Amino acid sequence: MIENLVIVESPAKAQTIEKFLGKDFTVKSSYGHIRDLEKNTLSIDLENNFKPLYIVPEDKKKLVSELKKLVKESKIVWLASDEDREGEAISWHLYEELGLKKEQTRRIVFNEITKDAILKAIKNPRFIDENLVNAQQARRLLDRMVGYEISPILWRKVRPSLSAGRVQSVAVRLIVEREREITAFKSSSSYRVAANFHLDDLKKNNLIAELPNKIENSELTLKFLEKCKNATFKVADVFTKPSKKSPAAPFTTSTLQQEASRKLGYSVAQTMTIAQKLYESGKITYMRTDSVNLSETAVGMAKDIIVKEFGAKYSNPRQFKTKSKGAQEAHEAIRPTYMANMETEGSSQEKRLYELIWKRTVASQMSDAALEKTTAIIDISTTKEKLEANGEVIKFDGFLKVYLESTDDENEEENTKLLPPLSVGQVLKLRNINATERFTYHPPRYTEASLVKKLEELGIGRPSTYAPTISTIQQRGYIIKEDKLGNERKFNVFILQDNKIEETVKTEITGAEKSKLFPNDIGLVVNDFLVSYFQNILDYNFTASVEKQFDEIAEGTLKWTDMIGKFYHPFHTKVTETIANSERNVGERNLGIDTQSGKTVLVKIGRFGPMAQIGEASDEDKPRFASLLKGQRIDTISLEEALELFKLPRIIGQFEGKDVTAGIGRFGPYIVHNSKFVSLKAGVDDPFTISIDRAVELINIKRIDDQNKTILTFSQDADLTVLNGRWGAYISYKKENYKIPKTQDATKLSYEACMEIIKTTGSKSSGRKTISKSKVKTISKTKAKKK
DNA sequence: CAGTGAGCGAGCTTCCGCTTGACTT
């Protein structure tokens, strides 16, 4: 007999709590939700006041039967899932599915995993909050309706297997709209003017002062510089102003993802995997949280370590308030479990992420940094414009000793220099004045992490879904994470020195970007379709407004079935109308006429992605097709660029009596000769311009490589070869690969020995993707048969 | 591996939020 059975959501949590509670308590985990709407249909009974049809999914059946068994042996069952909407629903599903009786059931909550908090919770049990459960059911059903009624429209009108949802579709919209802003952006330039003064004859000590406002154009800049010839420069005023910097709040999931991306270059999925490892080994608190709260124990631990390491004046215990919309705060902020551990064991990634979390947490409990900003105003005798020099000194470093939050602003300038001593009235000796042309820059593209930040600001998505959402919209092909090469740009610099103005033109590389999110054509088409037919759901405030209603349900002032009914009926009407009235949408755009053939040139999304087409299907001759290149988009490609695509594949010459052809295929640019392909490296060779001489050179290089690749061939069977691959020698037979046992010498294998290996080992070394795909297929087939 | 892109039209795909493995090289 078990006295007390406690059920929590996470197994790592169960382990920790079991230690706190002692022998009379058995602690188990539900591994999140144990029941959900059935996956293959809407699973909402529309005739029966939206009764949800819940099932225990296949992968949870074993767990549920284990829990059922334990429940039978237990006197009291404590449902200790998280203190939020989802947590309440988990408890309710457990209660229903495990057949619990009210008398034996206690619902308890704690939002920090400390012994005190848990014992306190045990002393204050309650029962399941039905209103909160209903708020979750409303959330669940709304998401199911949106996802499962709109997605099929996309299958019919755009392309199979696409998806739409309350969260993912808005995430795509953000990226699409940002990209259009960038396309529409027109860069303009102005001149930044900086004067450089000698302060003494040693030339060591100089002062840089700038015009506070940039000058609009080169004419006005030259005019200003003219005026500065023979002018005297005098210090008109010097003043200092104290200022302070405060530390950032401890990490939530979202801010951890942002900082790990900026400081360590991790993707959001990477960050979460590493954090999960740290959590499972007990090194950090729970990593999916929207709370910036630290437990009292944590604040105390932080104080101890700060006083010990840095001294009492660096300590400033504090609590932060959450700023994010709809935060549920069921957990603590992400922090080290034991603050005294400044570093940790594990992989280098784990070490680095731990260190980041440690610093952020400790810094949040440290004193403000005290700064002093100094400004000097400099008069110019020949004009009323004034120059300004700024300097900043750190008077007390405070939390900066440990940690400084990074920003997303790439063009931010550091301005932490100290100004040299200056006195009012002092005349300065001019060395030169530089006027540099600067360009305005378009709004930045989103990174994974900055998209998470934006979604959080809008209250869309939850800590547990940020990473999966970003991976979904990439998987569907809506967006792509890519690097962008920069462009060369010329800019003017005017220098006034020794009363002469000199003009130079310099070049810079600008606009290079790393790991940014770009929309694909399919993302643009789907987004435009959804925005035009389901504007209310794609609205950035949709989630916020339904969340308000969920809150009312949780408070008991709104009936959940009423809310869902009010949403569903007009929504479903719109769905039906859209199916009936909308055109099939492949994003077709007419670029104009091809002067050579006189036929129209179209671009659209085809079965295999975006393509250009000359002529129409109804024409007498078949239309000609060509895929768009990477980086080309349906909405921005020009007629000339599209026609260029049809110049490939092109014959560039002959070699050994056979044609050499250049083209661009699924795997990039290539040349082909005698049906043997050679890949071209992007940026090195261009299939549009490559010469026959260069092509022959590449063919010969490839031949040598192939020779080195082949270890053995056999006269008995041309399909059988022994090749040298990335992981050593292997046997290739009829497009399947086979591992050679380590006991055998690959260079001395006989035909019979090879065939023996093929028979006994079976295909093992073929690509991972093909294997997993075929497995997935067989699984779904068997499932389908069972039904 | 380097092509394809109507036509015939089965049966499949899909949501958001809770939680971890189970796979391979």
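Shown above is the structure to which this text applies.
As a starting point, this report considers the structure included with it. (Residues numbered from 1 in each chain as written. Chains lettered and ligands numbered in written order. Predicted model: local features only at pLDDT ≥ 70, side-chain atom pairs only at ≥ 80, totals over all residues. Heavy atoms only, no water.)

### Let's talk about the sheet that holds strand β22 (residues 624-627)
Filter applied, for reference: By definition, two strands form a pair when at least two bridges between them are found by DSSP. Counting from the N terminus, the helices are the DSSP runs of H or I reaching at least four residues and the strands are the DSSP runs of E reaching at least two. In this description, a line fitted to the C-alpha atoms serves as the axis of each element, helices being fitted only across the stretch in contact, and the angle between N-to-C directions of two axes falls anywhere from 0 to 180 degrees.
Taking strand neighbours across the sheet as the criterion, the 4 strands line up as β19-β20-β21-β22 in an open arrangement whose pairing is antiparallel. Of all strands in the sheet, those with a lone pairing partner are β19 (589-593) and β22, marking the two edges. This sheet shows a mean twist of 25 degrees between the axes of neighbouring strands, independent of strand direction.

### Re the pattern of salt bridges
For clarity, the threshold we go by: Think of a salt bridge as a Lys or Arg side-chain nitrogen and an Asp or Glu carboxyl oxygen that are within 4 Å of each other. Buried residues are those whose accessible area, probed at 1.4 Å on protein chains only, stays under 20% of the maximum for their type, while exposed residues exceed 50% and partly exposed ones sit between those limits.
Across all of its chains, the model carries 42 salt bridges by this definition. Across the pair E88 and R107 runs a salt bridge, and its minimum N-O distance is 2.8 Å. Residue E88 is found in helix α3 (residues 85-97), and its partner R107 is found in strand β8 (residues 105-107); the two are separated by 19 residues along the sequence. The same class applies to E88 and to R107, which are both buried. A salt bridge links E513 to K516; the shortest N-O distance between them is 3.0 Å. On the accessibility criterion, E513 (5% relative accessible area) is buried. Of the residues examined, K516 reaches a relative accessible area of 4% and is grouped as buried. Several salt bridges converge on common partners, so that one network encompasses E179, R445, E513, K516, R633 and D635.

### Examining empty space enclosed by the protein
For the record, the criterion: The rule is simple: put a 1 Å grid over the protein atoms alone, call a set of points where a 1.4 Å probe fits but cannot get out a cavity, call an open set with protein on both sides within 12 Å along at least five of seven lines a pocket, and count a residue as lining if it has an atom within 4 Å of a point. Grid points are joined across faces, edges and corners, and a volume is the space filled by probe spheres set on the points. Throughout, the ten residues Ala, Val, Leu, Ile, Met, Phe, Trp, Tyr, Cys and Pro are labelled nonpolar, Asp, Glu, Lys and Arg are labelled charged, and all others, Gly among them, are labelled polar.
Overall, the coordinates contain 1 cavity of 30 Å³ or more when judged by the stated rule. Approximately 40 Å³ is the volume found for the largest cavity. Of all the secondary structure elements, the ones that give two or more residues to the lining of the largest cavity are α6 (168-184) and α14 (521-533). The element that contributes the greatest number of residues to the lining of the largest cavity is α14, accounting for 3 residues. Taken together, the residues of the lining of the largest cavity sort by class into 4 nonpolar, 3 polar and no charged.

### Regarding the pairing of strand β24 (residues 658-665)
Both strand β23 (residues 650-655) and β24 contribute to a ladder of 5 bridges, which runs antiparallel. Residue pairing across strands places I651 opposite T661, the latter belonging to β24. Here β23 folds back onto β24, and the loop between the two strands holds 2 residues, one of which, E656, carries a positive phi near 50 degrees. Where β24 lies against strand β25 (residues 668-673), 6 bridges are found, and the strand directions are antiparallel. Across the sheet, residue T661 finds its bridge partner in β25, namely V672.

### Focus: the pairing of strand β16 (residues 487-497)
Where strand β14 (residues 427-439) lies against β16, 4 bridges are found, and the strand directions are antiparallel. Bridging across to β16, A435 finds its partner in F494. Relative to strand β17 (residues 500-510), β16 is paired through 11 bridges, and the arrangement is antiparallel. Bridge assignment links E488 to a residue of β17, and that residue is I509. Adjacent in sequence and paired antiparallel, β16 and β17 are bridged by 2 residues, among which D498 carries a positive phi angle near 50 degrees.

### Section: the packing of aromatic side chains
Test applied: Two rings belonging to Phe, Tyr or Trp (six-membered ring only in the last case) form a pair when the distance between their centres is within 6.5 Å. Interplanar angles under 30 degrees mark stacking, angles over 60 mark edge-to-face geometry, and anything in between is tilted. Should the NZ of a Lys or the CZ of an Arg lie within 6 Å of a ring centre and within 35 degrees of the ring normal, that charge is described as sitting over the ring.
Under the criterion given, the structure shown has 15 aromatic pairs. Members of the aromatic cluster, joined through ring pairs, are F534, F542, F567 and F571. The cationic tip of R144 hangs over the ring face of Y148; the distance from NZ or CZ to the ring centre is 4.0 Å. The ring of Y403 has K263 lying over it, and the distance from NZ or CZ to the ring centre is 4.4 Å.

### Things to note about the packing of helix α5 (residues 130-157) against helix α17 (residues 560-581)
Defined as follows: Here the word oblique covers every angle except those under 35 degrees (roughly parallel), over 145 (roughly antiparallel) and from 65 to 115 (roughly perpendicular). Residues count as neighbours in contact if any of their non-hydrogen atoms are within 4.5 Å of one another.
Between α5 and α17, the shortest axis-to-axis distance is 10 Å and the interhelical angle comes to 5 degrees. Taken as axis vectors, α5 and α17 run roughly parallel relative to one another. Contacts between α5 and α17 pair N134, Q137, A138, L141, L142, M145, V146, E149, I150, I153, R156 and K157 from the former with W560, M563, I564, F567, Y568, F571, H572, V575, T578 and I579 from the latter. Here the contact of α5 with α17 is composed, by residue class, of 15 nonpolar, 4 polar and 3 charged.

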